[in-house]
Amino acid sequence: MQQSRARLFKEYKEVQREKVADPDIQLVCDDTNIFKWTALIKGPSETPYEGGVFQLAFAVPEPYPLQPPQVRFLTKIFHPNVHFKTGEICLDILKNAWSPAWTLQSVCRAIIALMAHPEPDSPLNCDSGNLLRSGDVRGFNSMASMYTRLAAMPKKG
Amino acid sequence: MEDAAETMYWCHMCSRLVIPVIEDEIFKCNFCQSGFVEEIADTQAADSDDQNNDGEIDINGQLEEIRRILSRHSAEIVNLAEGIRARLLIESETNENNIDTASVPPVSLGDYFIGPGYEMLLQRLAETDLNNKYGTPPATKEAVEALATVKIDERLLQCTVCIDDFEIGMEAKEMPCEHKFHSDCLLPWLELHSSCPVCRFLLSTADDDDDEPKTNDDNNGGFSIASMERNGSSPQPSSNSSLAN
Ligand SMILES: [Zn+2]
Ligand SMILES: [Zn+2]
Ligand SMILES: [Zn+2]
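Note that the coordinates shown come from a computational prediction; the quantities given were computed from them, not determined experimentally.

(A) Structural context of unusual backbone geometry. Tyr 64 of chain A connects to Pro 65 of chain A through a cis peptide bond whose omega is 5°. Along the polypeptide, Pro 65 of chain A turns up in the loop between β3 (53-59) and β4 (70-73). A positive phi is found at Ser 15 of chain B, a non-glycine position, where the angle reads about 55°. Along the chain, Ser 15 of chain B turns up in the loop between β1 (8-11) and β2 (16-18). Of note in this structure, Ile 163 of chain B is not a glycine but carries a positive phi near 45°.

Below is the structure:
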């Protein structure tokens, strides 16, 4: 508990320092609870998520960093490896490939990489997985950018 | 505060919001004239509500989640919940595990599905998965005891578990791959997993039949950042080598 607090506080200071360095990630700690974080990440360019800003919620377990943070999308996203309803993310480093050398910031980077490289063979969103597996990239891109437009962009426009 | 439930239309040919024209009762895209136009409800209102009270899941959301888990784990869920409860009791007595369960309040099975116990169940499920199914098994006592203790003689070397810089002359535990950590940082990790936090080098585990070092190639499916990492592309966790900044 004390260790996880100390480590999270380090990350907090690190984030303040790096803010300018990574304009695609804005990681914010809850004012009252250092175990709760949210992040805003920019959809990677040349993907259907381009132009969108996606919100992630982090719940950090007490044994962190021995155990990975739990992360989910709060913003709706159409992606094979993200559960459409719950925002749950299927990503190895959040499960079996976790290592305490990952930080909340580098997890954000991994999620951005996942957005750019969907893995249709282990889908949490079956519809989008099926679209991609059946080779309907156009259909997938259209659905994904539709939801980006709907959920991840400013309302006006 | 605009809550006008405006109907919007998306053209799947143009991949954009369109204002459709209606011809013979068929909605057609005003740009490409195709009929591949989908009516989309204003879901954003619901989404932004979600985002405002972040963390708080509404009952419907919870039920949805429960249904999802039920369909995934089927009848196992009740057994699992029972098992977790039993384990909690045992753990709090034997206290051999380094996961702090003493602070976990007792919960009834009913609490698991509604209210605060529910989030704990999810947490427990995740932990059960993590400790029992995912990742490498714990390192053997012998392998841990055989680890070298070294004196740090490099500047700007970081222990990646606590992300603190080492001070020159400080003692550290060194893995066979030469990655160094504070003893208090490394040993709890090796009690759970045999892999080096930085490079995934494997110490011998109880499951091993031989002492040959191997690399960790197991993959439970799912997108593998870990394999990208090995191939040298981004992203990477912070490295244990000298920091450039
Ligand atoms: Zn069109
Ligand atoms: Zn350390
Ligand atoms: Zn190593």
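Back to the text.
(B) Layout of helix α7 (residues 183-192) of chain B. Residues and elements named next belong to chain B. The set of residues buried in α7 consists of Cys 185, Leu 186, Trp 189, Leu 190 and Leu 192. Mapping the buried residues of α7 onto a view down its axis gives an arc of 150°, with all of them on the same face. More than 90 degrees from the buried face of α7, the exposed residues found are Asp 184 and Glu 191.

(C) Spatial organisation of the sheet that holds strand β10 (residues 180-181) of chain B. Residues and elements named next belong to chain B. Strands sit in the order β6-β9-β10 across an open sheet of three strands; the sheet is antiparallel. Every interior strand has two partners, whereas the edge strands, β6 (148-151) and β10, have only one. Relative to β10, strand β9 (residues 171-174) runs antiparallel, the two being bridged by two bridges. Directly across from Glu 174, in β10, lies its bridge partner Lys 180.

(D) Here's a closer look at the coordination of the zinc ion (ligand 1). Residues and elements named next belong to chain B. Protein coordination at the zinc ion (ligand 1) comes from Cys 11 (SG), Cys 14 (SG), Cys 29 (SG) and Cys 32 (SG), with a distance range of 2.1 to 2.3 Å. Considering all four donor atoms around the zinc ion (ligand 1), the spread of angles at the metal, 105 to 116°, places the coordination shape in the tetrahedral class. Taken in chain order, the donor set of the zinc ion (ligand 1) reads C-x2-C-x14-C-x2-C. You can see Cys 11 sitting in strand β1 and its partner Cys 29 sitting in the loop between β4 (26-28) and β5 (37-40), a full 18 residues away along the chain. By relative accessible area, Cys 11 is classed as buried at 0%.

(E) Just the coordination of the zinc ion (ligand 2), in detail. All names here are of chain B. Protein coordination at the zinc ion (ligand 2) comes from Cys 159 (SG), Cys 162 (SG), His 182 (ND1) and Cys 185 (SG), with a distance range of 2.0 to 2.4 Å. One can describe the site at the zinc ion (ligand 2) as tetrahedral: its four donor atoms subtend angles covering 97 to 117° at the metal. As a motif over one chain, the donors of the zinc ion (ligand 2) read C-x2-C-x19-H-x2-C. Separated by 20 residues along the polypeptide, Cys 162 in the loop between β7 (158-159) and β8 (164-165) and His 182 in the loop between β10 and α7 bring together distant segments of the chain.

(F) Representation of the side chain of Gln 105 of chain A within the structure. All names here are of chain A. With respect to the secondary-structure elements, Gln 105 resides in helix α2 (residues 104-116). For Gln 105, a relative accessible area of 8% corresponds to the buried category. Ignoring anything within four residues of it in the chain, the contact list for Gln 105 reads Glu 11, Val 15, Glu 18, Asp 22, Ile 25 and Leu 27.

About the cut-offs
Residues numbered from 1 in each chain as written. Chains lettered and ligands numbered in written order. Predicted model: local features only at pLDDT ≥ 70, side-chain atom pairs only at ≥ 80, totals over all residues. Heavy atoms only, no water. Helix = DSSP H or I, 4+ residues; strand = E, 2+ residues; numbered from the N terminus. Buried < 20%, exposed > 50% of the residue type's maximum accessible area, 1.4 Å probe, protein only. Arc of directions from axis to C-beta. Pairing = 2+ DSSP bridges. Donors = N, O, S within 2.8 Å, 3.2 Å for Na, K, Ca; no water. Tetrahedral: all angles 85-135°; square planar, octahedral: opposite > 155°, others 65-115°. Contact = heavy atoms within 4.5 Å.

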